[in-house]
Amino acid sequence: MAASSELKYKCILNRRETERAIDLIKTRFPVMMSERLNLLKISCPLAILDGTGINDDLNGTERPVRFPIKNQSDASAVVVQSLAKWKRWQLAELEAKDGEGILTDMRALRPDEDYSPLHSLYVDQWDWEQKITASQRNLDYLKSTVESIYGIFRELEKSIFAAFPDISPQLPEKITFIQAEELLQQYPDLTPKEREYQACKAHGAVFLIGIGDVLSNGEKHDGRAPDYDDWSSYNSEGFKGLNGDILVWNPILKNSFELSSMGVRVDADTLERQLALSGEEKRKNLFFHKKLLNGELPQSIGGGIGQSRTCMFLLRKKHIGEVQSGIWPADEINKCKEQGVYLMK
């Protein structure tokens, strides 16, 4: 949150206007995604059986919420954290053709998230997955998909301006593509978040490529689980990674701001390599991983787009609690009130 010496924040939209704007965004965004990427809207689970390998552990350390199932004494369930692997399985179940995909409203609980203006325990995403051919597992296809999604953000920003003229568009016409290793070379003395800050401040919107593998300084830009995005294959620009994040400059927070994480998914060879690099070869015996290694799952590209994050950015909000109801500690509520931020309950 902003320091007390700064001007007090005043949100542009009141609560009623905010709810109208959220509805506009959440109605139009999935329709546009379906049209641009040929996606079928489907339902998705809130919880799945534990021990299948389908649930994601994101950076590799987060704990899912577990609970017993009353009528299945030998089984327990976990609340999803994301649906990257589940979506790929569903592409196979739905017998998707090349170029077809799915889109769903993911709802998740992530108990290891730290409370902040950007994070809460509740996560809502547009999760999408598209079947591709082996020849499309390349950087050009990834970039073209990013540009399609970025175009939706720009169009929605204009729609918000048309409905609420006090919110002016600010996204640049083009998104800039930068390799994580290139960014390290530009700013070798900065932390990953500081490098993202500089990139977004300079360009306005960035797709940062290659997140998960070790960079030349011996560190990762950020963690990624080994079994969904391909972060270890060399791409056509001579760097590692067929994945990345859409980052924009947030004019309210005066900082970089992640809207989406996405990438080309692992094939069998990449899965073997990334499990070995991560010391997670034991996962090969899980349901999902066996299917992938046996060639029973399609090649795909996919990602998650934060719904509340998108609303927060497009509506120029300072705290994610202004666009989603949540459970907030009393000190967080009081601190926000002092700065003119009123959290939904």
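About the thresholds
- Residues numbered from 1 in each chain as written.
- Predicted model: local features only at pLDDT ≥ 70, side-chain atom pairs only at ≥ 80, totals over all residues.
- Heavy atoms only, no water.
- UniProt positions renumbered as here; feature names shortened; annotations may be inferred.
- Helix = DSSP H or I, 4+ residues; strand = E, 2+ residues; numbered from the N terminus.
- Rg over C-alpha atoms; globule rule 2.2 N^0.38 Å.
- Buried < 20%, exposed > 50% of the residue type's maximum accessible area, 1.4 Å probe, protein only.
- Contact = heavy atoms within 4.5 Å.
- Areas by Shrake-Rupley, 256 points an atom, 1.4 Å probe, with all protein chains shown as cover.
- Lys, Arg positive; Asp, Glu negative; His and termini not counted.
- Charge placed at Lys NZ, Arg CZ, Asp CG, Glu CD.
- Pairing = 2+ DSSP bridges.
- Axes fitted to C-alpha atoms, helices over the stretch in contact; angles between N-to-C directions.
- Core = buried A, V, L, I, M, F, W, Y, C linked by side-chain atoms within 4.5 Å.
- 1 Å grid on protein atoms, 1.4 Å probe; cavity = no way out; pocket = protein on both sides within 12 Å on 5 of 7 lines; lining within 4 Å.
- Points joined across faces, edges and corners; volume = space filled by probe spheres on them.
- Nonpolar A, V, L, I, M, F, W, Y, C, P; charged D, E, K, R; others polar.
- Parallel < 35°, antiparallel > 145°, perpendicular 65-115°, else oblique.
- Left-handed = near helix turned anticlockwise from the far one by under 90°.

An unreviewed UniProt entry annotates the protein as Aspartate--ammonia ligase originating from Cyclobacterium plantarum. According to its UniProt record, the protein has this under Pathway (unreviewed entry): "Amino-acid biosynthesis; L-asparagine biosynthesis; L-asparagine from L-aspartate (ammonia route): step 1/1."

*Asks:* Which residues make up the overall build of the protein, and what values do they have?
*Replies:* Counting its secondary structure elements, the protein contains nine helices and eleven strands. At 20 Å, the protein has a C-alpha radius of gyration in line with the 20 Å of a compact globule built from 345 residues. Reported as C-alpha extents along the three principal axes, the dimensions of the protein are approximately 60 × 55 × 40 Å. Of all 345 residues assigned to the protein, the portion counted as buried reaches 52%. Taking all contacts inside the protein whose residues are at least 6 apart in sequence as the whole, residues at least 24 apart take part in 72%. Put simply, the protein shows about 15,700 Å² of open surface, and 49% of that area lies on carbon and sulfur atoms. A gap of 5 Å separates the mean positions of the 45 positive and 51 negative side-chain charges of the protein.

*Asks:* Quick one: what's the story with the UniProt feature "domain: Aminoacyl-transfer RNA synthetases class-II family profile" (unreviewed entry) in the protein, residue by residue and with numbers?
*Replies:* Under the UniProt annotation, "domain: Aminoacyl-transfer RNA synthetases class-II family profile" (unreviewed entry) lies at residues 107–329. Within the segment residues 107–329, helix and strand shares are 31% and 21% respectively, and the terminal C-alpha atoms sit 21 Å apart.

*Asks:* Break down the sheet that holds strand β2 (residues 47–49) for me, with residues and values.
*Replies:* Across the sheet, three strands lie side by side as β2-β4-β3; this open sheet has antiparallel pairing. The open sheet has two free edges, formed respectively by β2 and β3 (66–69), since each of these has just one partner strand. The sheet shows a mean angle of 35 degrees between the axes of neighbouring strands, taken without regard to direction. When β2 meets strand β4 (residues 72–79), the two strands line up antiparallel, connected through three bridges. Within the sheet, the bridge partner assigned to A47 lies in β4 and is V79.

*Asks:* Mind laying out the nonpolar core, listing which residues take part and the relevant values?
*Replies:* One finds I25, M33, W128, I149 and F207 to be the most contacted residues of the largest nonpolar core, which totals 54 residues. For this core, the secondary structure elements donating two or more residues are α1 (15–37), β6 (122–131), α3 (139–163), β8 (205–209), β9 (243–250), β10 (255–264), β11 (300–306) and α8 (307–314). Top element by residues in this core is α3. It accounts for ten residues. Setting aside chain neighbours within four positions, we find M33 in contact with N38, L39, L103, W128, I149, I152 and I305. Formed by 19 residues, the second largest nonpolar core is a distinct cluster that contains V78, L83, F288 and L297.

*Asks:* Account for empty space enclosed by the protein, naming residues and giving values.
*Replies:* Counted by the stated rule, this structure contains one cavity of 30 Å³ or more. What the largest cavity holds in volume is close to 30 Å³. Top contributing element to the lining of the largest cavity by residue count: helix α2 (residues 84–93), with three residues. When its residues are assigned to classes, the lining of the largest cavity shows four nonpolar, no polar and four charged.

*Asks:* Could you give me a rundown of the packing of α1 against α3, with the residues and numbers involved?
*Replies:* If you want to describe how two helices pack, look at the angle between their axes and the distance between the axes. Two elements in contact, α1 and α3, have axes whose closest approach is 10 Å; the angle formed by their N-to-C orientations is 150 degrees. Between α1 and α3, the interaxial angle falls into the category roughly antiparallel. Crossing handedness for the pair α1 and α3: right-handed. From α1, A21, L24, I25, R28, F29, M32, M33, R36 and L37 reach across to α3, where they touch T145, S148, I149, I152, F153, E155, L156, S159, I160 and A163. Here the contact of α1 with α3 is built from residues that sort into 13 nonpolar, three polar and three charged.

*Asks:* Tell me about the sheet that holds strand β1 (residues 39–41), and please be specific about residues and values.
*Replies:* Reading across from one edge, β1-β5-β6-β11-β10-β9-β8-β7 is the order of the eight strands in this open sheet, with mixed pairing throughout. One side of each edge strand has no neighbouring strand; the edge strands of this open sheet are β1 and β7 (176–179). Going across the sheet, the axis of each strand differs from the next one's by a mean of 30 degrees, ignoring polarity. Against the sheet, α1 contacts β1, β5 (101–109), β6 and β11, and its axis sits at roughly 15 degrees relative to β6.

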